[in-house]
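Structure at a glance
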Amino acid sequence: MNKHYLVPAFKSSFRGVLKSSLVFVAIMIAFIIINIVIAGIAANNMASAKTTISYFEFAAMVMVFVLGICCIREDARLLIQHGVGRTTTFVTEILIALATALLLTIAGEIILGLTQLATQNIGNIEVPLAYQIYSQQYGIASFSDYLLSAALMIPTYLMVFLLGMLISMIFYRLPKPWKIVVAIGLPVLCFIVIPFVGSYASGDWLITAIVYPLRLLVKFCAAGPGNCVVAALAFSVIFGICSWLLFRKAPIK
Amino acid sequence: MGIELKNITKRFGDTLALNNINLNFDQPKIYGLLGNNGAGKTTMLNIISNRIFPDSGEVIVDDEQALDNDCALNKIFMLSEKNLYPDGMKVERAFEEAANFYQNFQMDQALEMAKQFGLKTRKKINTLSTGYTSIFKLIVALNVNTPYLLLDEPVLGLDAQHRDLFYKLLLEKYANNPQTIIISTHLIAEVASLIEHTIIIREGKILRDMPSEELLSGGYTISGPASLVNEYIIGKQVITQNTLGGLKTACIAGQPDPVPLPENLELGKLNLQDYFIQLMNKEDSDHE
């Protein structure tokens, strides 16, 4: 990898992501404004204030996942056309994932803060996801809660971006028949076969085998925001390494 | 200095696309990479530009390993049949991208060429016709000013007028800024006058790798009434022969006899396209 080529590669690839992210933020702002107006109208009929998780973070996760899927292939093609090697391309993608996570976190926390200010007087307080999960209090989130939320959302977005990238690479590297098998087989396996077999299997061993590690993970993350950050970073590393293994020898033509 | 291919082998399933290829592309020269469909031309160019990887062997660019080497890869620009630009990208934006990666990219000249070809720079690349997509790629290729330029079917879909303009611009560019240009094409007759060095590939193997002049000086053509030609070629190494009506043309290896030709027979120089066709015919018959 040569740092000299990293800057133009990042500049070139991030432009599209930045544009998409800004469009996304603009759409979200429009939705949030509509939501505030609706909440304001509904507040007249409510006896006491309630808190709602802002849907910005969930929507942003979906957005980041889609960016992860789309970016790697498009960028790899453009960068190889301009004489950039695989390593530099992959490092560029990691930097883009980080920059996107940072951008959407900052935008998200600002929007959430402003939304909270706008909604706290109408009895429907919108709060960040981290606040809802980890805060012991009820009501308005403080500045430190927003910092905690940012600290949690950056690795989460990074993880989701890299998951999208990994899925994209898996599909890119798979031969055509296998793409169809995986595209159909995975949902069938997860939502039909496993629940069906699991419900008839003695002692629900199959479900237990799948659910138990998930429960452990949830328990670990629920213990504190720090654990959640560690888990997100650990998954990011796993997804990143797997993506690199698939990408480094991928034909681009 | 130059591009060196060392023992390159590449398989696609059961097909051996490249079979232990050893080649040198020196600087600066115009190379013609010729071969039938499926000969391995594009595979070779894709391997040089790191788009695909060989099963074995290595590519050296200016004494550096090319594998995942940005410095080496940045010296090469490949124009391929496939479009690697994002769908929604506009032509002018693609020029900016090229300028972003190649410091020597000549934006003014690119825009001037776009005007000459009648290419609308505000259009999206994926909305361009096949011909104009080729023109767009050619303009980028002609202005990146990299030491090595790989052109894979550069004139795909171009009309005769635009093809002529491209060849003129290419020669102009080469005269002003000599570089190593590798042209892979099926339009041999059109590029024959440009090519200084010819490489002929077939089924992943190099059949010929020599200066074009040397290649063509190894034979001559004789044409005239079939009976006279038949008489003339007795005892000579005939590369190939074609009969049309009562007239016949034969390509003969070696030099013509220093004796005067019989009346009605005409001596001619071997041209690259004829040579190529004859060589392929010979290979076909050898295979049978």
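None of these values were measured; they are calculated from a predicted model.

Attention now moves to the overall build of chain A. Per the secondary structure count, chain A includes 8 helices and 2 strands. Along chain A, helices and strands appear, N-terminal first, in the series α-β-α-α-β-α-α-α-α-α. For chain A, buried positions account for 42% of its 253 residues. Within chain A, residue pairs in contact and separated by at least 24 positions form 79% of the contacts whose partners lie at least 6 positions apart.

What follows deals with the interface of chain B and chain A. In this complex, chain B contributes 29 residues to the contact, which on the side of chain A involves 28 residues. Overall, the association of chain B and chain A removes approximately 2500 Å² of surface from exposure, summing both partners, and the carbon and sulfur fraction of that is 53%. Interface area lost by chain B to chain A is led by B:Asp70, B:Leu84 and B:Phe101, which between them contribute 27%. For the interface between chain B and chain A, the tally reads 0 salt bridges. The tally of links from chain B across to chain A stands at 14 residue pairs in polar contact (both at pLDDT 80 or more). For the side of chain B that touches chain A, the elements supplying multiple residues, two or more each, are α2 (70–73), β6 (76–79) and α3 (91–101) of chain B.

All names here are of chain B. In space, the 6 strands of this open sheet follow the order β6-β7-β8-β3-β9-β10, with mixed pairing throughout. In the strand order of this sheet, the two ends are held by β6 and β10 (205–211), each with one partner. Along the sheet, successive strands turn relative to each other by an average axial angle of 15 degrees, direction set aside. As paired elements, β6 and strand β7 (residues 148–152) share 4 bridges and run parallel to each other. If you follow Leu79 over to β7, its bridge partner there is Leu151. Contacting β3 (30–35), β7 and β8 (180–184), helix α6 (residues 160–176) runs over the sheet at an angle of about 155 degrees to β8.

Our next topic: the nonpolar core. With 58 residues, the main nonpolar core has B:Tyr85, B:Phe95, B:Phe136, B:Ile139, B:Val140, B:Leu151 and B:Phe166 as its most contacted residues. The greatest single-element share of this core, amounting to 7 residues, is contributed by helix α5 (residues 130–143) of chain B. Apart from residues no more than four positions distant in its own chain, B:Phe136 is found in contact with B:Tyr85, B:Val91, B:Ala94, B:Phe95, B:Leu119, B:Ile125 and B:Leu128. Within the second largest apolar cluster, 40 residues are counted, among which are A:Phe14, A:Ala60, A:Leu67 and A:Ala76.

What follows deals with the packing of aromatic side chains. Applying the stated rule across the entire model yields 12 aromatic pairs over all chains. With a centroid separation of 5.1 Å and 15 degrees between ring planes, the pair formed by A:Phe10 and A:Phe14 is classed as stacked. In this pair, A:Phe10 and A:Phe14 both sit in helix α1 (residues 3–43), 4 residues apart, roughly one turn of the helix. Seen from their ring centres, B:Phe95 and B:Phe105 are 6.2 Å apart, and the 45 degrees between their planes marks the pair as tilted. Of the two residues, B:Phe95 is situated in helix α3 and B:Phe105 in the loop between α3 and α4 (107–117); the sequence distance between them amounts to 10 residues. For B:Phe105, a relative accessible area of 9% translates into the label buried. Aromatic rings pair up to connect B:Tyr85, B:Phe95, B:Phe105 and B:Phe136 into one cluster. Above the ring of B:Tyr232, the side-chain terminus of B:Lys236 is found at 4.3 Å from the ring centroid.

Turning our attention to the packing of helix α3 (residues 86–119) of chain A against helix α8 (residues 225–247) of chain A. All names here are of chain A. Between α3 and α8, the least distance of the axes is 11 Å, while the angle of their chain directions is 150 degrees. Compared by their axis directions, α3 and α8 come out roughly antiparallel. Helix-helix and strand crossings are classified by hand; for α3 and α8 the assignment is right-handed. In this structure, α3 contributes Arg86, Thr87, Thr89 and Phe90 to the contact, and α8 contributes Gly240, Ser243, Trp244 and Phe247. Of the residues that constitute the contact of α3 with α8, the class distribution is 3 nonpolar, 4 polar and 1 charged.

Residue and element names in this part refer to chain B. Pairing of strand β9 (residues 197–202) with β10, which is carried by 6 bridges, proceeds in the antiparallel orientation. Bridged to Ile199 within β10 is Asp209. Following β9, the chain reverses through 2 residues before pairing antiparallel with β10; Glu203 in that reversal takes a positive phi of roughly 45 degrees.

Residue and element names in this part refer to chain B. What the 4 strands build is an open sheet, ordered β12-β13-β11-β14; its pairing is antiparallel. Strands at the two margins of the open sheet, each flanked by one partner only, are β12 (238–244) and β14 (266–269). Across this sheet, the average inter-strand angle for adjacent strands is 20 degrees, counted without regard to direction.

Residue and element names in this part refer to chain B. Along its sequence, chain B is carved into domain 1 (3–203) and domain 2 (217–286). One C-alpha centre belongs to domain 1, the other to domain 2, and the line joining them spans 35 Å. With 10 residues of domain 1 at the interface, the matching set in domain 2 holds 8 residues. Summing both partners gives a buried area of about 830 Å² for domain 1 against domain 2, and 74% of it is carried by carbon and sulfur. Among the residues of domain 1 in contact with domain 2, Ile188, Ile200 and Arg202 are the three that bury the most area, contributing 63% of the side total. Here domain 1 is connected to domain 2 by 1 salt bridge. Among the ionic pairs, Arg202 bridges to Asp284, the shortest N-O distance being 2.7 Å. In this structure, the connection of domain 1 to domain 2 is made through 2 residue pairs in polar contact (both at pLDDT 80 or more). Elements that contribute at least two residues to the side of domain 1 that touches domain 2 include exactly β3, α7 (188–191) and β9. The element best represented in the side of domain 1 that touches domain 2 is β9, accounting for 3 residues. Residues of the side of domain 1 that touches domain 2, tallied by class, amount to 6 nonpolar, 3 polar and 1 charged.

Cut-offs and rules
Residues numbered from 1 in each chain as written. Chains lettered and ligands numbered in written order. Predicted model: local features only at pLDDT ≥ 70, side-chain atom pairs only at ≥ 80, totals over all residues. Heavy atoms only, no water. Helix = DSSP H or I, 4+ residues; strand = E, 2+ residues; numbered from the N terminus. Buried < 20%, exposed > 50% of the residue type's maximum accessible area, 1.4 Å probe, protein only. Contact = heavy atoms within 4.5 Å. Buried area = accessible area lost by both parts, 1.4 Å probe. Salt bridge = Lys/Arg side-chain N within 4 Å of Asp/Glu carboxyl O. Polar contact = N/O pair within 3.5 Å; in protein donor to acceptor, adjacent residues only side chain to side chain. Pairing = 2+ DSSP bridges. Axes fitted to C-alpha atoms, helices over the stretch in contact; angles between N-to-C directions. Core = buried A, V, L, I, M, F, W, Y, C linked by side-chain atoms within 4.5 Å. Phe/Tyr/Trp six-rings, centres within 6.5 Å; stacked < 30°, edge-to-face > 60°. Lys NZ or Arg CZ within 6 Å of the ring centre and 35° of its normal. Parallel < 35°, antiparallel > 145°, perpendicular 65-115°, else oblique. Left-handed = near helix turned anticlockwise from the far one by under 90°. Nonpolar A, V, L, I, M, F, W, Y, C, P; charged D, E, K, R; others polar. Domains from an automatic or database assignment.

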